[in-house]
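# Summary of structural features
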Amino acid sequence: AIASGFLTGGVLAARGGWKAASRNAVIGGVLLGIIEGVAALLMKSTSKTPREMALEQMEQTKQMDEYQKRSDSGEASGMQGWVQYLQASGMAPSMGAASSGSG
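First things first, this report covers the structure right here in the doc. In this convention, every chain numbers its residues from 1, walking through the sequence in written order. This being a predicted model, a pLDDT of at least 70 is required before a residue's local features are given, and a value of 80 or more before pairs of side-chain atoms are given or counted; all residues contribute to the totals for chains, interfaces and linings. Heavy atoms throughout the structure, all of them, feed into the side-chain values; hydrogens and water do not.

As a further point, take the overall build of the protein chain. Only DSSP runs of H or I covering at least 4 residues are called helices, and only runs of E covering at least 2 are called strands; the numbering of each starts at the N terminus. Each helix and strand in the protein chain was counted, giving four helices and zero strands. Each helix and strand of the protein chain, ordered N terminal to C terminal, gives the series α-α-α-α. Here the protein chain holds 103 residues, and the buried ones make up 16% of them. Counted over contacts in the protein chain with a minimum sequence separation of 6, partners at least 24 positions apart contribute 30%. In this description, accessible areas are obtained by the Shrake-Rupley approach with a 1.4 Å probe, and a residue is regarded as covered only by the protein chains that are shown. Just so you have it, the protein chain exposes about 8,100 Å², and 64% of that area is on carbon and sulfur atoms. Buried means the residue's accessible area, taken with a 1.4 Å probe over protein chains only, is under 20% of the maximum for its type, while exposed means over 50%, and partly exposed covers the values in between. The contact definition used throughout considers only heavy atoms, calling two residues in contact when any of these lie within 4.5 Å.

Here you go:
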């Protein structure tokens, strides 16, 4: 990508002579280098490591197993069952003590 910025800057400024073409080629290369660097930093800072993904998957598996046990024992039924299922699968936020009351 950096080489393409270098070549594009040079080709677009070719009418101005070698001096203008070389200057614009360097500027084009530097600009695309900065853009690629920022994109790489953003990707690195926002992506999860394999360890984090594995821990998250283990936690979700544990929550799904707990839900399955409650479902088999009859504790999770009706709307409460769906809420617990969504919480266990990570699709809904945990409600804490608010969802543990009996009705």
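Our focus in this paragraph is the packing of helix H1 (residues 2-12) against helix H2 (residues 18-46). Lines fitted to C-alpha atoms define the axes here, with helix axes fitted over just the stretch in contact, and angles between the N-to-C directions of these axes take values from 0 to 180 degrees. H2 packs onto H1 with a crossing angle of 150 degrees between their chain directions and a minimal axis gap of 7 Å. Between H1 and H2, the crossing angle belongs to the class labelled roughly antiparallel. Note that H1 runs across H2; the crossing there is right-handed. Where H1 abuts H2, its residues Ile2, Ser4, Gly5, Phe6, Gly9 and Gly10 lie against Ala21, Asn24, Ala25, Val26, Gly28, Gly29, Leu32 and Gly33. For this scheme, ten residues count as nonpolar: Ala, Val, Leu, Ile, Met, Phe, Trp, Tyr, Cys and Pro. Four count as charged, namely Asp, Glu, Lys and Arg, and the remainder, Gly too, count as polar. Tallied by class, residues from the contact of H1 with H2 come to six nonpolar, eight polar and no charged. Oblique is the label for any angle not under 35 degrees, not over 145, and not in the 65 to 115 range, which are roughly parallel, roughly antiparallel and roughly perpendicular in turn. Left-handed describes a crossing whose near helix is turned anticlockwise from the far helix by less than a right angle; the clockwise case is right-handed.

Here, a salt bridge means any side-chain nitrogen of Lys or Arg that lies within 4 Å of a carboxyl oxygen of Asp or Glu. If you walk through the whole model with that rule in mind, you get one salt bridge. Here lysine 48 ties to glutamate 56 by a salt bridge, and the two come within 2.3 Å at their closest N and O atoms.

Counted at 1.5 Å a residue, the expected span for helix H3 (residues 50-73) with its 24 residues is 34 Å, and the 35 Å between its end C-alpha atoms agrees. Once H3 finishes, glycine 74 follows within two positions and takes phi at roughly 90 degrees, a positive value. In this analysis, the expected span of each helix is defined as 1.5 Å times one less than the number of residues it contains.

So, about H1. Because an α-helix completes one turn every 3.6 residues, residues spaced three or four positions apart along the sequence face the same direction. Along H1, the positions that sit buried rather than exposed are Gly5, Gly9 and Gly10. The arc enclosing the buried residues of H1, seen along the axis, measures out at 125 degrees, which places them on a common side. Facing away from the buried side of H1 by more than 90 degrees, the exposed set consists of Ala3, Leu7, Val11 and Leu12. In this description, one arc is meant: the one made by directions from the helix axis to the C-beta atoms.

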